[in-house]
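Residue-level structural notes
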Amino acid sequence: MDTMKILVMFASELDIPAKEGHAAFHATSIEYFFFGENGELVQPKLLVDDTVGMRRGKSNLDPEMIKKISYIPGIYEGTFEMSMGSKGVPTLKLNDLNFVGQAAISLKPEKEVK
């Protein structure tokens, strides 16, 4: 298993009751961005091609994981493992997380924008 710092932007408890033909579903839903060691993966980037930006990761974890969420937005050490996705494609699966520190999102002063 590998660990990576992630910027968690959303966390919610999911409690979907059972319906005919479908079992009940209980989980902690987490949405995040890969952060890098010092935030290098979430730095602003200038559009130079047709695509720019960051796609969020999303995971459903054990329902008890909601207790590990301290602050949003926050930096967490995420524990990942490779698994096979529903279409047979290898994917990184978030299994655990531990709080590292609070995160603040702010506007860069205009003189710092390049």
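Description of the structure in this document. Counting restarts for each chain, with residues numbered from 1 along the sequence as it is written. Under the rules for a predicted model, residues below a pLDDT of 70 receive no local features and side-chain atom pairs below 80 are neither given nor counted, while totals for whole chains, interfaces and linings still include all residues. Excluding hydrogens and water, the side-chain figures rest on all heavy atoms present in the structure.

**Focus on the packing of aromatic side chains**
When two rings of Phe, Tyr or Trp (its six-membered ring) have centres within 6.5 Å they constitute a pair, described as stacked for plane angles under 30 degrees, edge-to-face for angles over 60, and tilted for the intermediate range. Going through the model one piece at a time under the given rule, you end up with five aromatic pairs. Site record: aromatic cluster; members linked through ring pairs are Tyr 32, Phe 34 and Phe 80.

**Here's the deal with a nonpolar patch on the surface**
Note on patches: the residues involved have over 30% relative accessible area and no salt bridge, like charges join within 9 Å, and the nonpolar side chains Val, Leu, Ile, Met, Phe, Trp and Tyr join within 5 Å. All accessibility values rest on the Shrake-Rupley procedure with a 1.4 Å probe; residue burial counts only the protein chains present in the view. Every case where a carboxyl oxygen of Asp or Glu lies within 4 Å of a side-chain nitrogen of Lys or Arg is listed as a salt bridge. On the surface, a nonpolar cluster with roughly 360 Å² of combined accessible area is contributed by Phe 34, Leu 41, Met 82 and Leu 92. Since its relative accessible area comes to 31%, Phe 34 is described here as partly exposed. Accessibility here uses a 1.4 Å probe with only protein chains present; expressed as a share of the type maximum, an area under 20% marks a residue as buried, one over 50% as exposed, and anything in between as partly exposed.

**Digging into the sheet that holds strand 1 (residues 2-16)**
Strands belonging to one sheet form pairs held by backbone hydrogen bonds; the direction of such a pair is parallel or antiparallel. The sheet built from five strands is open, its strands ordered 3-2-1-4-5 with antiparallel pairing. The open sheet has two free edges, formed respectively by strand 3 (57-61) and strand 5 (90-102), since each of these has just one partner strand. Neighbour to neighbour, the strand axes of the sheet diverge by 40° on average, direction disregarded. In this sheet, strand 3 lies alongside strand 2 (residues 25-34) in antiparallel orientation, the contact comprising five bridges. For two strands to be treated as a pair, DSSP must find at least two bridges joining them. Helix and strand assignments follow DSSP, with helices taken as H or I runs no shorter than four residues and strands as E runs no shorter than two, numbered in order from the N terminus. Fitted lines through C-alpha atoms give the axes, limited to the stretch in contact for helices. The angle between two N-to-C directions lies from 0 to 180 degrees.

**Some words on the pattern of salt bridges**
All told, the structure shown has four salt bridges when counted by the stated rule. A salt bridge links Glu 64 to Lys 67; its shortest N-O distance comes to 2.6 Å. The partner of Lys 68 in a salt bridge is Asp 96, with the nearest N and O atoms 2.7 Å apart. A residue pair is termed long-range when its members are at least 10 positions apart, and Lys 68 in the loop between strand 3 and strand 4 (74-84) and Asp 96 in strand 5 qualify at 28 residues. Here Asp 96 falls in the partly exposed class, since its relative accessible area comes to 23%.

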